[in-house]
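Commentary on secondary and tertiary structure
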Amino acid sequence: MSKKKLRIGLIGCGFMGRTHSNGYNRVPNFFPDLEYQPVLQAVCSRREEKVKAFAEQWGFASYETDWRTLIARDDIDAVDICTPNHLHAEIAIAAAEAGKMVLTEKPLARNLEESKKMVDAVEKAGVANTVWYNYRRLPAVTLAKKIIASGKLGKIFHYRANFLQDWTINADLPQGGDAAWRMDVDVAGSGVTGDLLAHCIDTAMWLNGGITEVSAMTETFVKERVHNETGKLQPVGIDDACIFHCRFSNGALGLFESTRYARGHKALYTFEINGEHASIRWDLHDLNRLEYFDNGVDSDVKGWSSIHVTNGDHPYMDKWWVPGLGIGYEHSFVHQAADFLKSLETGESCQPDFKNAYETQKVCEAVIESAKSRSWKATEVTID
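Below is a summary of the structure that appears in this document.

Reading guide: rules and limits
Residues numbered from 1 in each chain as written. Predicted model: local features only at pLDDT ≥ 70, side-chain atom pairs only at ≥ 80, totals over all residues. Heavy atoms only, no water. Helix = DSSP H or I, 4+ residues; strand = E, 2+ residues; numbered from the N terminus. Buried < 20%, exposed > 50% of the residue type's maximum accessible area, 1.4 Å probe, protein only. Pairing = 2+ DSSP bridges. Right-handed = clockwise from strand over helix to strand, strands pointing away.

As a further point, take unusual backbone geometry. Residue Pro 107 follows Lys 106 across a cis peptide bond; omega there is -10°. Counting through the fold element by element, Pro 107 comes out in the loop between β5 (101–105) and α5 (112–125). A cis geometry characterises the amide bond from Gln 351 onward to Pro 352, with omega recorded as 0°. Mapped onto the fold, Pro 352 is located in the loop between α9 (331–346) and α10 (354–373). Unusually for a residue other than glycine, Arg 374 sits at a positive phi of about 55°. By the secondary structure assignment, Arg 374 is in the loop between α10 and β17 (377–378). By relative accessible area, Arg 374 is classed as exposed at 78%. The backbone phi angle of Glu 380 is positive, close to 65°, even though this residue is not glycine. Within the secondary structure layout, Glu 380 lies in the segment after β17. For Glu 380, a relative accessible area of 60% puts it in the exposed group.

This is the structure in structure tokens:
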């Protein structure tokens, strides 16, 4: 059948630019029934040599070195933002005002004020929008959502999650610049809270409902670092580690931890949910498996079972290989790209949209404020 073209303008050609580009490239192969087909129309980055090479490698028809020029082009339907966090709001608002669909990497922005302006902009313009919280799209995590929605867990009592890394355990590591912008609070907005815990929070509220109040503590282990752009020793404003506990709207208790100082961990993201009748847990390091404990089975066979999420009736897996053959991290971006294209067919928003991601931003902000004040903070989240 004749395909409708969605002409993509990608801004940013770093790590996330690669994952998104790969997602768009693979969609036509594995989701052939979609009405819309992504077209890599243009990519934008400040350095011409770099962006030209990126365009050639990933198959973009053209490139720009000024994002304003890209947005102004008539041959761009959707703007995909893969820049550092401090540019999300300005670019998204400009794209929406130009009538473009807007997709952006997480977190939505650096803070609530910027995030609210982004929500207002896309709603005023009436343009399709989504935020790339990609872990929702891993089949095992989507299966967890289905199991919870079925009621098999019963009343949920506990939700716990962590996201552990170790890449900043070096007092000589500089902050700022292209390579270390996540270490610069003016660019990133926060440290592990916005970078890592935002993923955990988004997944948690998608699976278990809204987080209503939090009590947090954060730590910056190295107080000063040389800034790549100034060459000067400057205070570090981001959080290296964060631990918070919380309450959910359904009465469950939550415990979250994230750090870049967990030696031996590069990307340990796990969650466990304990319910009245059953429990589930998941580990990014073994992303094709979901562990499940059912208290209702006979005692002589009772124990944790390991579900290998590769069957054709598992979420998304009918698009891939045969049972027993797993997929990887990159496929979550293929799935989100496909879901966004499908949403254009159905007219439904592709979740999380900006409005939904704003709720995650509320929790992140409450976590930071709680740590500063050493007190409980209400999140004002409206998700049930």
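Here we take up the sheet that holds strand β11 (residues 241–248). Taken in spatial order, the nine strands make up an open sheet running β16-β15-β14-β13-β7-β12-β11-β8-β17, and their pairing is mixed. A single partner strand is all that each edge strand has here, and the edge strands are β16 (304–308) and β17. As paired elements, strand β15 (residues 289–294) and β16 share five bridges and run antiparallel to each other. Paired with Tyr 292 across the two strands is Ser 305, which belongs to β16.

Within β5, five of the five residues are buried, which leaves it mostly tucked inside the rest of the structure. Residue alternation in β5 divides its side chains into two sets, Met 101, Leu 103 and Glu 105 and Val 102 and Thr 104, and both sets are buried. Here four bridges tie strand β4 (residues 78–81) to β5, and the two strands are oriented parallel to one another. Opposite Asp 80, over in β5, you have Leu 103 as the bridge partner. As paired strands, β5 and strand β6 (residues 129–132) are joined by four bridges and run parallel to one another. Residue pairing for β6: Glu 105 is matched across the bridge by Trp 132. Once the chain exits β5 it traverses α5 before rejoining the sheet at β6, and the crossover so formed is right-handed.

Examined bridge by bridge, strand β7 (residues 156–164) and strand β13 (residues 268–275) share eight bridges and lie antiparallel to one another. Within the sheet, the bridge partner assigned to Arg 160 lies in β13 and is Glu 272. In this sheet, strand β12 (residues 253–259) lies alongside β7 in parallel orientation, the contact comprising seven bridges. Paired with Phe 163 across the bridge in β12 is Ser 258.

These figures capture arrangement, not role.
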